[in-house]
Amino acid sequence: MRAIAGVIRSQAPDAVAILEANRRLNAVILARMVGMRLVFAKANSNFHVAWLTRLPVTGSTNHRLPGLAKTMLEIEVTCNGAPLRLFATHLAGGADGILPAEEIPIILDVLARRGDLPHLLAGDPEYADRAREFA
């Protein structure tokens, strides 16, 4: 965990998505180590999701939907005086009976319904190209 904290401190990001926050206590410790706020979301599996952020958090929603193998965590932050929504999710690996291609339309539906503010989605890069098929 020290190595991860070192990387975060050296990069000084405003927000970090944690896609496999498997133990809440570890996420709490990491947040303290880097001096960031923690927003933690329980998943439908043992692979929870969290955001670490330096920005003021004005709200959060855990989209723990039945069609997602894990979950999608949404936080609303204030960035440069304006609201911004940040989403983080960890797509299914297929072993749990759900395929990533099945999750993408669910995620895009949530994003479309929450599109009144600028937003960013963080997650697994290996499936990013597949999202274009559903957009």
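Residues numbered from 1 in each chain as written. Predicted model: local features only at pLDDT ≥ 70, side-chain atom pairs only at ≥ 80, totals over all residues. Heavy atoms only, no water.

Q: Could you give an account of the overall build of the chain, with specific residues and numbers?
A: For the chain, the count of helices and strands is four helices and seven strands. Along the chain, helices and strands appear, N-terminal first, in the series α-β-α-β-β-β-β-β-α-β-α. Relative to its full complement of 135 residues, the chain shows a buried share of 37%. Considering only intrachain contacts with a sequence separation of at least 6, the fraction spanning at least 24 residues in the chain is 54%. Counting only carbon and sulfur atoms, one obtains 54% of the accessible surface of the chain, whose full area is about 7,400 Å². (Helix = DSSP H or I, 4+ residues; strand = E, 2+ residues; numbered from the N terminus. Buried < 20%, exposed > 50% of the residue type's maximum accessible area, 1.4 Å probe, protein only. Contact = heavy atoms within 4.5 Å. Areas by Shrake-Rupley, 256 points an atom, 1.4 Å probe, with all protein chains shown as cover.)

Q: Give a detailed account of helix α2 (residues 24-34), specifying residues and quantitative values.
A: By the burial criterion, the buried members of α2 are Ala 27, Leu 30, Ala 31 and Val 34. Mapping the buried residues of α2 onto a view down its axis gives an arc of 100°, with all of them on the same face. Where α2 is buried, its residues meet α1 (2-11), β1 (15-18), β2 (37-41) and β3 (49-53). With its phi angle positive at about 70°, Gly 35 sits one or two positions after the end of α2. (Arc of directions from axis to C-beta.)

Q: So what's going on with the pairing of β1? Which residues, and what values?
A: Of the two faces of β1, only the one carrying Val 16 and Ile 18 is buried; Ala 15 and Ala 17 on the other face are not. Direction of pairing for β1 relative to β3: antiparallel, over a ladder of four bridges. Along β3, the bridge assignment pairs Ile 18 with Ala 50. (Pairing = 2+ DSSP bridges.)

Q: Before we move on, could you go through the pattern of salt bridges and cite the residues and values that matter?
A: Per the stated rule, a full pass over the model turns up five salt bridges. Residue Arg 114 pairs with Glu 74 through a salt bridge whose shortest N-O separation is 2.7 Å. In this pair, Arg 114 sits in the loop between α3 (100-113) and β7 (119-122) while Glu 74 sits in strand β5 (residues 72-79), placing the two residues 40 residues apart along the sequence. Between Arg 85 and Asp 116 there is a salt bridge; the shortest N-O distance is 2.5 Å. Here Asp 116 lies in the loop between α3 and β7 and Arg 85 lies in strand β6 (residues 82-89), a separation of 31 residues in the sequence. (Salt bridge = Lys/Arg side-chain N within 4 Å of Asp/Glu carboxyl O.)

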